[in-house]
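Here's the letter readout for the chains.
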Amino acid sequence: MNNLVEKVKSLFAEGTVKLAIGFEKGNHGARPFFCRNMEDAGRLIWDEYCPNNLAVYLTKPELLGADSVALVANLPALRTILQLASENQLKQNQWIILTQDAQGEIVQFANFEDIQIYMADYLVTMSADNRLLIEKLQSMTREDRWQYWLHEMSKCIKCYACRAACPLCYCNRCIVEVNCPQWIQAWSAPLTNMEWQINRVMHMAGRCVECGACAQACPVGIPIHLLTLSMAEVIRDEFGKQPGDTGGKGNVLATFRMEDKENFIR
């Protein structure tokens, strides 16, 4: 019996939880698993092939009840939890957060502050592949970069899988569903698709945990994660803001400080 299975079984045996969200082996790799009893806990797995950001389930009202829910979190999910906590979207007593450390031991966090301390050793880093792609885009002229994104957005079918996969898209009513006034056209076309993605990226400014769930969910392979990654880098450079900062008050685009840089004003 592995450490994770043993821990989750003990939570069920103690009556601490009625549901544990983790990973199980699927036909094409690991997949999310909703474990509802001690007998099924043996199906839980944890390895490098468990990349999904399970924190996407944390804001689903249908999962919230009187009982606590355990969630097995990888590093992007832990970062998401901190960001959601900073936005007052989570209650500590509703969730039991577990992770597996580098030594293979299961860590159960007592509170959000414990997660913050744990994550201090895991700064946000961009993969070499994504770095190369962003540098390639940045080396383009503005006109060539515009044409590149127009071409990519022409593939979009407006399925909003990127929104569904993002653990920080939790608005009760998304801007694309508002029709009085109609902010974004409902049909799929390169410019309206671009409008949707620009709105999405601006909404994620200073909040994106760089898990890549949006790009993984895209059925037509648009590298939309490059937009949020680029925005996250700008926010870090200009404002020193990292996602998951529970001490920060307000999001980057909703706050103002006298010492903010204004050299972008022409």
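Looking up the protein in an unreviewed UniProt entry gives the name 4Fe-4S ferredoxin-type domain-containing protein, with the organism given as Bacteroides oleiciplenus.

Let us now look at the pattern of salt bridges. Summed over the entire model, instances satisfying the criterion amount to seven salt bridges. Where Glu24 meets Arg31, a salt bridge forms, and the shortest distance between an N and an O atom there is 3.0 Å. Judged by its relative accessible area of 37%, Arg31 falls in the partly exposed class. A salt bridge links Glu233 to Arg131; the shortest N-O distance between them is 2.5 Å. Here Glu233, found in helix α9 (residues 225–239), pairs with Arg131, found in helix α4 (residues 128–139); they are 102 residues apart in sequence, far enough to count as distant.

Domain boundaries assigned for the protein yield domain 1 (3–120) and domain 2 (128–239). For domain 1 versus domain 2, the distance between C-alpha centres works out to 28 Å. If you look at the interface, domain 1 gives eleven residues, while domain 2 gives ten residues. A combined buried area of about 940 Å² lies between domain 1 and domain 2, and 59% of that area is made up of carbon and sulfur atoms. Our enumeration of links across domain 1 and domain 2 arrives at one salt bridge. Salt-bridge contacts for Arg207 lead to Glu87; the nearest nitrogen and oxygen are separated by 2.7 Å. Each residue belonging to the side of domain 1 that touches domain 2 can be placed in one class, and the counts come to four nonpolar, five polar and two charged.

Further remarks concern the pairing of strand β4 (residues 68–72). Within β4, five of the five residues are buried, leaving the element largely enclosed by the surrounding structure. Where burial is concerned, the two faces of β4 agree: the one with Ser68, Ala70 and Val72 and the one with Val69 and Leu71 are both buried. Across four bridges, strand β1 (residues 17–26) lies against β4 in parallel orientation. Opposite Val17, over in β4, you have Ser68 as the bridge partner. Pairing geometry for β4 and strand β5 (residues 95–100), over four bridges, is parallel.

Cut-offs and rules
- Residues numbered from 1 in each chain as written.
- Predicted model: local features only at pLDDT ≥ 70, side-chain atom pairs only at ≥ 80, totals over all residues.
- Heavy atoms only, no water.
- Salt bridge = Lys/Arg side-chain N within 4 Å of Asp/Glu carboxyl O.
- Buried < 20%, exposed > 50% of the residue type's maximum accessible area, 1.4 Å probe, protein only.
- Helix = DSSP H or I, 4+ residues; strand = E, 2+ residues; numbered from the N terminus.
- Domains from an automatic or database assignment.
- Contact = heavy atoms within 4.5 Å.
- Buried area = accessible area lost by both parts, 1.4 Å probe.
- Nonpolar A, V, L, I, M, F, W, Y, C, P; charged D, E, K, R; others polar.
- Pairing = 2+ DSSP bridges.

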